[in-house]
Amino acid sequence: EFIKTFNSSEYFDIVKYVTSPEEADRSLNDKTVQCVVTIPVDFSKKFYSKENASVQFLIDGVNGNTATIIMNYVNSATLGFSEKVSADILAKEGIRITRPLNIAGIFWYNPDLKTTEFLIPGLIATILMVICVTLTAISIVREKEQGTIEQINVSPVSPFELILGKIIPYIFLAILISILVLILGHFLFGLEIKGRIIYLAAGTILYIIAGLSLGIFVSTIADSMQVAFQLSTLISQLPTNILSGFTFPIESMPPFIQIITNLTPAKFFIIILRSVVIKGTGIEAFWQQYIYITIFALFFLTISMIKTARQRRTV
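Everything quoted here is computed from the prediction, not taken from an experiment.

A. How the structure looks around the overall build of the protein chain. A count of helical and extended segments in the protein chain gives 12 helices and 2 strands. In terms of C-alpha radius of gyration, the protein chain reaches 27 Å, well past the compact-globule figure of 20 Å for 315 residues. Principal axes of the C-alpha set define a box for the protein chain whose edges measure 95 × 45 × 40 Å. For the protein chain, the exposed area adds up to about 18,900 Å²; of that, 63% sits on carbon and sulfur atoms. The averaged location of the 23 negative side-chain charges in the protein chain is 6 Å from the averaged location of its 24 positive side-chain charges.

B. Fine view of the layout of surface pockets. There is about 1,100 Å³ of room inside the largest pocket. As for the largest pocket, its lining consists of 38 residues, and the residues nearest its centre are Phe12, Asp13, Gln34, Cys35 and Val36. If one sorts the elements of the lining of the largest pocket by residue count, helix α4 (residues 64–92) sits on top with 5 residues. Taken together, the residues of the lining of the largest pocket break down into 23 nonpolar, 10 polar and 5 charged. Along its surface, the second largest pocket is lined by 26 residues, and Phe118, Gly245, Glu251, Arg274 and Ile278 are the ones closest to its centre. Looking at the lining of the second largest pocket, the elements with two or more residues in it are α4, α5 (115–146) and α11 (265–279).

C. How the structure looks around the pattern of salt bridges. Following the criterion strictly, the structure yields 4 salt bridges and no others. With its nearest N and O atoms 2.7 Å apart, the salt bridge here joins Lys31 to Asp60. One end of the pair, Lys31, is in the loop between α2 (21–29) and β1 (35–38); the other, Asp60, is in the loop between β2 (56–59) and α4, and 29 residues separate them in sequence. Across the salt bridge formed by Lys194 and Glu117, the nearest N and O atoms sit 3.9 Å from each other. One end of the pair, Lys194, is in the loop between α7 (159–189) and α8 (197–221); the other, Glu117, is in helix α5, and 77 residues separate them in sequence.

D. Structural view of helix α9 (residues 225–242). Taking 1.5 Å of rise per residue, the 18 residues of α9 would be expected to cover 26 Å, and the 25 Å separating its terminal C-alpha atoms lies within 8% of that figure. At Thr233, α9 is deflected by roughly 25°, the largest bend along its length. Within the sequence span of α9, burial applies to Ala228, Ser232, Ser236, Pro239 and Thr240. Among the structural elements, α5, α8 and α11 are those in contact with the buried residues of α9.

E. Representation of the packing of aromatic side chains in the model. Following the criterion strictly, the structure yields 14 aromatic pairs and no others. Clustering of aromatic rings is evident, with ring pairs tying together Phe2, Phe6, Phe12, Phe43, Phe57 and Phe81. The residue whose ring lies beneath Arg274 is Phe118, and the NZ or CZ to ring-centre distance is 3.7 Å.

Calculation rules
- Residues numbered from 1 in each chain as written.
- Predicted model: local features only at pLDDT ≥ 70, side-chain atom pairs only at ≥ 80, totals over all residues.
- Heavy atoms only, no water.
- Helix = DSSP H or I, 4+ residues; strand = E, 2+ residues; numbered from the N terminus.
- Rg over C-alpha atoms; globule rule 2.2 N^0.38 Å.
- Areas by Shrake-Rupley, 256 points an atom, 1.4 Å probe, with all protein chains shown as cover.
- Lys, Arg positive; Asp, Glu negative; His and termini not counted.
- Charge placed at Lys NZ, Arg CZ, Asp CG, Glu CD.
- 1 Å grid on protein atoms, 1.4 Å probe; cavity = no way out; pocket = protein on both sides within 12 Å on 5 of 7 lines; lining within 4 Å.
- Points joined across faces, edges and corners; volume = space filled by probe spheres on them.
- Nonpolar A, V, L, I, M, F, W, Y, C, P; charged D, E, K, R; others polar.
- Salt bridge = Lys/Arg side-chain N within 4 Å of Asp/Glu carboxyl O.
- Expected span 1.5 Å × (residues − 1).
- Bend = angle between axes of the 7 residues up to and from the residue.
- Buried < 20%, exposed > 50% of the residue type's maximum accessible area, 1.4 Å probe, protein only.
- Contact = heavy atoms within 4.5 Å.
- Phe/Tyr/Trp six-rings, centres within 6.5 Å; stacked < 30°, edge-to-face > 60°.
- Lys NZ or Arg CZ within 6 Å of the ring centre and 35° of its normal.

Okay, structure coming up:
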């Protein structure tokens, strides 16, 4: 009856029955199972003797988020079984249980607690930032290495026109990649956009421009494609993965590090993505993030145009 409590739940699948601790360890190590339920030999005896019966749950804790979800579910299933048994025993003795307060937990926005719905928005932010910064920086620095930048500098093309001409192709490329990730997320993982597409599109375009502005800034201080690649990877991939809230919750970071996280636009873009894709909220919940990303983009675009203008005057 206790096993049926898990088997009848939509959150668990009984994969196998193990008979030894070695087999249980092997099943966890090779990822065959994520949780092992150890039922002692005297479980039924204590159960029917109305004594406290204990069980053990061994959970794969490599992925902390998944392990926490599994632990909450097994605790809930075990508590529900225990309450049902207690109610049946008291009912046989003519005692009726009344609950002054009935607690029912409901998970909003992500009721099934799917990790993919939480990770895919962060994956979009990571891919776009790496592509925008790296490709833009390398494309401009390539002009320096090939010596064609001098021809551009003596041409009537303004710094703004030069920067605009370099980033337009990558804007369309980044938009195409973001759409592709959302489509694959829908068909492979069942991801659905619960909010308005216009909010998502506006945030994505602003974020892409912010990433491109950072790539242009890198191109103004790098003289070779190797340096541009290493520098763009350093200032785009690491902050996006570590400081954006994609991998580690920002709330769990030290206060000083939480302040530093404001230096990466990925932090604000992920808030927009999760608000639109997972929560389906309106713009009143994340309009501030648009402002932060816009300020970031304007800051680096302005610096890049100033440096580009100075470099042209030295030719």
